[in-house]
Each structure stands twice: as structure tokens, then as C-alpha cells.
Amino acid sequence: MRVLVTGGAGYIGSHTLLELMAQGHVVCVLDNYANATPTVLNRVRALSNGQITDFVGDVRDAKKLDEVMAAFAPEAVIHFAGLKAVGESAQKPLYYYDVNITGTLTLLHAMERAGCKRIIFSSSATVYGEPQYLPYDEAHPTNPMSVYGRTKLMAEQILTDWVAAHADRTAVLLRYFNPVGAHPSADLGEDPRDIPNNLMPFIAQVAIGKRDVLEVFGDDYDTPDGTGLRDYIHVVDLARAHVAALGYAAVHNGARPFNIGTGQNYSVRDMVAAFEIASGRNIPTKQSPRRAGDVAAMQADASRANAELGWHATHGLDDMAASTWAWQSKNRNGYDTD
Ligand code: NAD
Ligand code: UDP
């Protein structure tokens, strides 16, 4: 299929481009480089020998989208472009609503004008909020606890309404759990611009010596070791879920959410221990209070994605830690290493 990938230069988008091209899809990227660098696409090209058409532009720019649609004529769109920092979303709510909601609306308008009827959307497990039971299945009530989470849920609702208005439209809503890890080449990975918000890139920066100590946020949760439990998923598995979703969208109509996780969960201490083994380095930690808005535990019931998308996670914790370390040690300063 001809696939427009918004935000394709980002962490998950770049890995997905490689998996799409490996399966014979033709890709085009629209990215404004708000949180990425053009180096990423050069590396994807080098890894794939693939042809990538790319446009620099904002997903809220209707004229630019019309230009992209006219030039590339996508049969489907994978919509990664957006803002994702939970803490920042509380400080800059209008910015988050603008990029994540206006961006999605502007994209749908452009798709409609161009007659493109399939969209795969980057949603998040954060739409569920405080667990009423675990693992979360897709029927779990949604009650996001942050501005960021609300933008994801609202975008899901907009997509669902857009699809309901016409029998031949499809929206696949992928609710990601915690993406970690890097491409096996160690040439693609997560490259946070500032102080990492997320656990794995923070651990990696401590291991490489860019940060002194990992703060462990809370040790008094009702979990086996008192630290938070998350369902970490390798980014290559996550990338492959998009390829599976595209196959699903080719033969199904309607809007459908899918959990994309492994069904396992690990504590902060498990992640530190796995990283120490992978890197052979000691990761100093310091106990800190709970981080506002964190839940004790999250875990996916991914059985719907397993059954209906024919997708399964195959990478375990060791690979998540080892690939992150390989990426971090080969690229001390991320993509600025080039
Ligand atoms: P990322 O920041 O690495 O990638 C997002 C990409 O979108 C970047 O390349 C950025 O430059 C681009 N972008 C941002 N605003 C844009 C705009 N207005 N117009 C065009 N391009 C724009 O993030 P990621 O981790 O790859 O996440 C991709 C998507 O998945 C996001 O929508 C995010 O909310 C969602 N998601 C991420 C996680 C996670 O933990 N990484 C979890 C759940 C969901
Ligand atoms: N965490 C931590 N120290 C950090 C970053 C995260 O202890 O510097 C914990 C956090 O409290 C949570 C887990 O690690 O229990 C995963 O956090 P992350 O921000 O990576 O993901 P999310 O909170 O979005 O699930």
C-alpha cells in the first residue's frame, strides 16, 4: 500500500518505516521536526536502501497536506505526529490540544478531500486511567488523568465519529503500552531532546555517564517491590503492529481499538537490574517520592490484537535492555553524534 506516515522521523515512526518497507509498502513522511532531526530519515534510508518521499511540514497546515496528498496519493495514513509529554501537557494545554486535536482534524479533512479512507492512529494506554481491573482490555472504562491522555481519547472519538459517517472508512486505534528498545542495527533509537521523562532513556543516560543517578519515583506502591509496574514493549514489535494494522485496515471497515503490549509487566527495579546486566554497568538509584499522576501498575490484555491483527510481541526484557544499551553506547549524543 502507499502509506503516508505523519511524524515518521520520530522514535516509533522511524522504526515503523523500516518494517513497512520490508513488507513492500511504499512510504512518504510528513514531519515538522518539532521533536526529531532529518538525520533520522537518512539513517532509515541507509538501513533499507528504500525510497522515502519526505515533506517538511506541520500536520495542522491544510495547504501542505493537500500538496502531500496530491503528490503521493496515499491509500492509508499512519498518524504518529503529535506531542507526548504528560507533564508538559499540563503546562501548555492549548498547545497540546492544538497539535494533537487540530492536527488530527486537519489531517482528516485533507484525507477526505483526497479520498483516503484508512487511518492507523497512535493512541495510548493512558486513555484508561486508574485501573479498575488489570490487565486492561479494550472494554475497560476510559478516564485519562492528564491533558495528554485526554487529547488521545478525544482524537479516538473524532476518528470513531468520522468512520461512523461512511461505510467504507477504517480507523485502527492502537493503544500503545510503554515502548522501549531500539533497532538491532543500533542506528535508530529514542533520542529525547531534554531531560528524559521516561524510565528507559533515563536509565540509559545514567549508564553512559550523562546523568548521575536515577530517581525511583515511589517505593510504597502495592506491588511486589513497591515500585511501579509497566508493560514495556519493544519498539520493533510495536512497529510491526502497525504493519499488521495496515493489513487489517485493507479488509475491514469501522473503528476499532487494540491494546499493543506484551501482557507482562516489570517494576522499576526489574528494569534497572536488566539494564545493569545488559550494560555491565552499575546504575546508581535514589529513592524519591511518587510522581504525580502515576498509577501503581499497568498491564495489557493484548488478546484482541493477537487474534484479530495476527500480531504477537516476540522481544523480551533482555532484548529491550540490550538494544537500548547498544543504541546509547553507539550514539552517546543520540542523532547529534552524526
Ligand atoms: P516522537 O516525538 O519521537 O515522534 C513524533 C514525531 O512527530 C516527531 O518526529 C515530531 O517531530 C513530529 N511532530 C510533532 N508535532 C508535529 C506536527 N505538528 N506536525 C508534523 N510533525 C510533528 O514520539 P514517539 O514516541 O515516536 O510517539 C509517536 C506517537 O505515539 C505520538 O503521537 C505519541 O503520543 C504516541 N505514543 C507514544 C508513546 C511513547 O511512550 N513513546 C506511548 C503511547 C503513544
Ligand atoms: N520512573 C522512575 N524514574 C524516572 C522515570 C520513571 O521511577 O526517572 C518510573 C515511573 O514512576 C513509572 C515507570 O518508571 O512507574 C515508567 O515511567 P515512564 O515515564 O517511562 O512511563 P509511564 O509513566 O508513561 O508509564
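As shown above, the structure is provided for reference.
As a convention, each chain's residues are numbered from 1 in the sequence order in which they are written. In the order they appear in the text, chains get letters beginning with A and ligands get numbers beginning with 1. pLDDT decides what is reported in this predicted model: residues at 70 or higher carry local features, side-chain atom pairs at 80 or more are listed and counted, and totals for whole chains, interfaces and linings draw on all residues regardless. Excluded from the side-chain calculations are hydrogens and water; all other atoms, namely the structure's heavy atoms, are used.

Chemist: In this structure, what is going on with the nonpolar core? I would like to understand it.
Modeler: A general trend in soluble globular proteins is that nonpolar side chains are found buried together. Core analysis: the biggest nonpolar cluster contains 45 residues, and Leu 17, Leu 174, Ile 260, Leu 309 and Trp 311 have the highest contact counts within it. For this core, the element with the highest residue contribution is helix α8 (residues 235–251), accounting for 10 residues. We call a set of buried Ala, Val, Leu, Ile, Met, Phe, Trp, Tyr and Cys residues a nonpolar core when their side-chain atoms join them within 4.5 Å. For the exposure calls, accessible area comes from a 1.4 Å probe over protein chains only, and a residue counts as buried if that area is under 20% of its type's maximum, exposed if over 50%, partly exposed in between. Formed by 25 residues, the second largest nonpolar core is a distinct cluster that contains Leu 30, Ile 101, Leu 108 and Ala 155. Every helix listed is a DSSP run of H or I at least four residues long, and every strand listed is a run of E at least two residues long, numbered separately from the N terminus.

Chemist: How should the packing of helix α7 (residues 199–207) against helix α9 (residues 268–279) be read in this particular structure?
Modeler: For any two helices packed against each other, one specifies the inter-axial angle together with the distance between the axes. Contact geometry of α7 with α9 gives a least axis separation of 11 Å together with a crossing angle of 40°. Considered as vectors, α7 and α9 are oriented oblique to each other. The chirality of how α7 crosses α9 is right-handed. Facing α7, whose interface residues are Leu 199, Met 200, Ile 203, Ala 204 and Ala 207, α9 presents Val 268, Met 271, Val 272, Phe 275 and Ser 279. Across the contact of α7 with α9, the residue classes tally to 9 nonpolar, 1 polar and no charged. Axes here mean lines fitted to C-alpha atoms, for a helix over just the part in contact, with angles spanning 0 to 180 degrees between N-to-C directions. Roughly parallel covers angles under 35 degrees, roughly antiparallel covers those over 145, roughly perpendicular covers 65 to 115, and oblique covers all other angles. Definitions for this section: a left-handed crossing has its near helix turned counterclockwise from the far helix by less than a right angle. A right-handed crossing has that turn clockwise. Contact definition: two residues touch when any of their heavy atoms are within 4.5 Å. Charged residues are taken to be Asp, Glu, Lys and Arg, nonpolar residues to be Ala, Val, Leu, Ile, Met, Phe, Trp, Tyr, Cys and Pro, and polar residues to be all remaining types, Gly included.

Chemist: Help me out: how do you make sense of the site of ligand 1 in this one?
Modeler: Around ligand 1, 26 residues are found, and the nearest of them are Asp 31, Asn 35, Phe 80, Lys 84 and Tyr 148. Nitrogen and oxygen atoms within 3.5 Å of one another constitute a polar contact, given that in protein one can donate a hydrogen and the other can accept it, and given that sequence-neighbouring residues count only through two side-chain atoms. Contact between ligand 1 and Phe 80: an oxygen atom at 2.8 Å from a main-chain N or O atom of the residue. Considering ligand 1 on its own, with 820 Å² of exposed area, one finds that the protein chains cover 95% of that surface. Of all elements in the fold, only α1 (11–22), β5 (118–124) and α6 (147–164) reach the threshold of two or more residues within the shell around ligand 1. A per-class count over the shell around ligand 1 returns 13 nonpolar, 9 polar and 4 charged. When at least one non-hydrogen atom of a residue lies within 4 Å of a molecule or strand, that residue is treated as near it. All accessible-area figures derive from a Shrake-Rupley calculation using a 1.4 Å probe, and residue coverage is judged against the displayed protein chains alone.

Chemist: Looking at this structure, I do not really get the pairing of strand β1 (residues 2–6). What am I missing?
Modeler: In regular strands, side chains alternate between the two faces of the sheet. Across the 5 residues of β1, 4 count as buried, placing the element largely inside the fold. Each pair of strands is called paired provided DSSP finds at least two bridges between the two strands. Bridge count for β1 against strand β2 (residues 26–31) is 5 bridges, and the pairing is parallel. When the sheet's bridge partners are listed, Leu 4 is paired in β2 with Cys 28. With its strands directed away from the observer, a crossover is right-handed exactly when the path from the first strand over the helix to the second travels clockwise. In this region the chain leaves β1, passes through α1 and returns to the parallel neighbour β2; the handedness of that crossover is right-handed. Looking at chain direction, β1 and strand β4 (residues 76–79) are connected through 4 bridges and run parallel. Looking at the pairing, Leu 4 lines up with Val 77 of β4.

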